[in-house]
Amino acid sequence: CGEFAALCRQDLSADGFQQGLLSLSERYTWAIPSSTIDDPDVSLHDHNRTVAAFAVCLYRHHEALGELNDDSAIKDAERPKFRILVGDLSGIQTSLYRLKSEGVKGVNRVLRARSFLMGQIGDGAALLCRRRFALPPWCVLQNAGGRFQLLLPAIPDIDDTVAQLRQQIDDWMLDRFTGELVLNLALTPP
C-alpha cells in the first residue's frame, strides 16, 4: 500500500503510472495462484494482466464501432473482437555468432551488448505498436527472445495501421542493419 501511495504521488504520465502499477502487481502477486480450486498454474499477476488486456480491447472494439451503449453487440459472443499482433526478430543467431568467426577480441562482452540490443529492438517495436494503438502495457502478452505478442481490438482500420507500422519498422531495420536483422510483423485473423 505504501509503494502504491508513493507511485500515486509521483508526477508520471498515464503510461508511466501504468508501467509502475504493472511492476507493483508483478512484485507482489507473481507467486499468488489465480485459482485455488483447480491446478494453480497461473499467477494472480498474469491472470489480472490478461483480464485487463481483454477488457481494454473489448472497450476499444465497441468504442470504434460506436457500440458502447448497444447491449446486443456487447453480448454478441460470436463476433470476433480480438486480434493478436506478433513481432518476431529474425537473424539473431547469425548476427550474434558472426563475431566469433571474424576473430573479434572481447567476444563475450560484445555478445552481451548485441544480445541486449536485440532485446531492446523487440521492446522498442512492441512499445511503438502499443502506442500506435493507444493500448496500456498489459496488452503486451509476451515479450522475450526477440518475439512479442500484443492483444489488439478488432477494429476497422487495424490492417492499414499494421501495414504502416510494418513499413516504418522495415525502413528503420534496413537502414540500421542492412537486411542482416529483420523484424517481421504478423496479424492473426479476428
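Above this text is the structure in question.
Residues numbered from 1 in each chain as written. Predicted model: local features only at pLDDT ≥ 70, side-chain atom pairs only at ≥ 80, totals over all residues. Heavy atoms only, no water.

Asker: What is the right way to look at the overall build of the protein in this model?
Answerer: Summing up its helical and strand segments, the protein has 7 helices and 4 strands in all. Within the span of the protein, comprising 190 residues, buried residues form 32% of the whole. Contacts in the protein between residues far apart in sequence, at least 24 positions, make up 61% of those at least 6 positions apart. With an accessible surface of roughly 11,600 Å², the protein has 55% of that area assigned to carbon and sulfur atoms. Between the centroid of the 20 positive side chains of the protein and the centroid of its 24 negative side chains there is a distance of 10 Å. (Helix = DSSP H or I, 4+ residues; strand = E, 2+ residues; numbered from the N terminus. Buried < 20%, exposed > 50% of the residue type's maximum accessible area, 1.4 Å probe, protein only. Contact = heavy atoms within 4.5 Å. Areas by Shrake-Rupley, 256 points an atom, 1.4 Å probe, with all protein chains shown as cover. Lys, Arg positive; Asp, Glu negative; His and termini not counted. Charge placed at Lys NZ, Arg CZ, Asp CG, Glu CD.)

Asker: In this structure, what is going on with the pattern of salt bridges? I would like to understand it.
Answerer: Scanning the entire structure with this criterion turns up 6 salt bridges. The salt bridge involving Asp15 is made with Arg130; its shortest N-O contact spans 2.8 Å. Within this pair, whereas Asp15 is found in helix H2 (residues 14-29), its partner Arg130 is found in helix H6 (residues 107-132), the two being separated by 115 residues in sequence. Across the pair Asp159 and Arg83 runs a salt bridge, and its minimum N-O distance is 3.5 Å. (Salt bridge = Lys/Arg side-chain N within 4 Å of Asp/Glu carboxyl O.)

Asker: What exactly am I supposed to notice about the side chain of Arg83 here?
Answerer: Along the polypeptide, Arg83 turns up in strand S1 (residues 82-90). The class for Arg83 is buried, based on a relative accessible area of 10%. A polar side-chain atom of Arg83 sits 3.5 Å from a polar atom in the side chain of Asp159. There is a polar contact of 2.6 Å between the side chain of Arg83 and the backbone oxygen of Thr188. Apart from the residues within four sequence positions on either side, Arg83 is in contact with Leu150, Leu151, Leu152, Ala154, Ile158, Asp159, Leu187, Thr188, Pro189 and Pro190. (Polar contact = N/O pair within 3.5 Å; in protein donor to acceptor, adjacent residues only side chain to side chain.)

Asker: Would you mind showing me how to read the pairing of strand S2 (residues 140-144) here?
Answerer: Put simply, side chains in a regular strand alternate between the two faces of the sheet. Pairing geometry for S2 and strand S3 (residues 147-153), over 4 bridges, is antiparallel. Each bridged residue has a counterpart across the sheet, and for Ala144 the counterpart in S3 is Arg147. In this structure, the hairpin formed by S2 and S3 is closed by a connection of 2 residues, where Gly145 is found at a positive phi of approximately 60°. (Pairing = 2+ DSSP bridges.)

Asker: Got a minute to help me understand the sheet that holds S2 in this structure?
Answerer: Strands belonging to one sheet form pairs held by backbone hydrogen bonds; the direction of such a pair is parallel or antiparallel. Taken together, the 4 strands give an open sheet; going across it, the order is S2-S3-S1-S4, and neighbouring strands pair in antiparallel fashion. Two strands bound the open sheet, and with one partner strand each, they are S2 and strand S4 (182-187). Strand-to-strand twist in this sheet, taken as the mean axis angle between neighbours without regard to direction, amounts to 15°. With 6 bridges joining them, S1 and S4 adopt antiparallel strand pairing. (Axes fitted to C-alpha atoms, helices over the stretch in contact; angles between N-to-C directions.)

Asker: Please explain the nonpolar core as it appears in this structure.
Answerer: Nonpolar side chains in soluble globular proteins generally cluster together in the buried interior. Ranked by size, the top nonpolar core spans 31 residues in total, and within it Leu85, Cys129, Phe133, Phe148, Leu150, Leu152 and Met173 carry the most contacts. Broken down by secondary-structure element, the contributors of at least two residues to this core are helix H3 (44-64), S1, H6, S3, helix H7 (158-177) and S4. Counting residues per element, this core draws most heavily on H7, which supplies 6 residues. (Core = buried A, V, L, I, M, F, W, Y, C linked by side-chain atoms within 4.5 Å.)

Asker: Explain the packing of aromatic side chains to me, please; I cannot follow it from the model alone.
Answerer: Where two aromatic rings form a pair, the distance of their centres and the angle of their planes describe that pair. A full pass over the atoms with the stated rule returns 3 aromatic pairs. Relative to Phe82, the ring of Phe54 lies with its centre 4.9 Å away and its plane at 80°, an arrangement referred to as edge-to-face. A residue pair is termed long-range when its members are at least 10 positions apart, and Phe54 in helix H3 and Phe82 in strand S1 qualify at 28 residues. For Phe82, a relative accessible area of 24% translates into the label partly exposed. (Phe/Tyr/Trp six-rings, centres within 6.5 Å; stacked < 30°, edge-to-face > 60°.)

Everything listed here is a matter of coordinates, which is why it stays silent on function.
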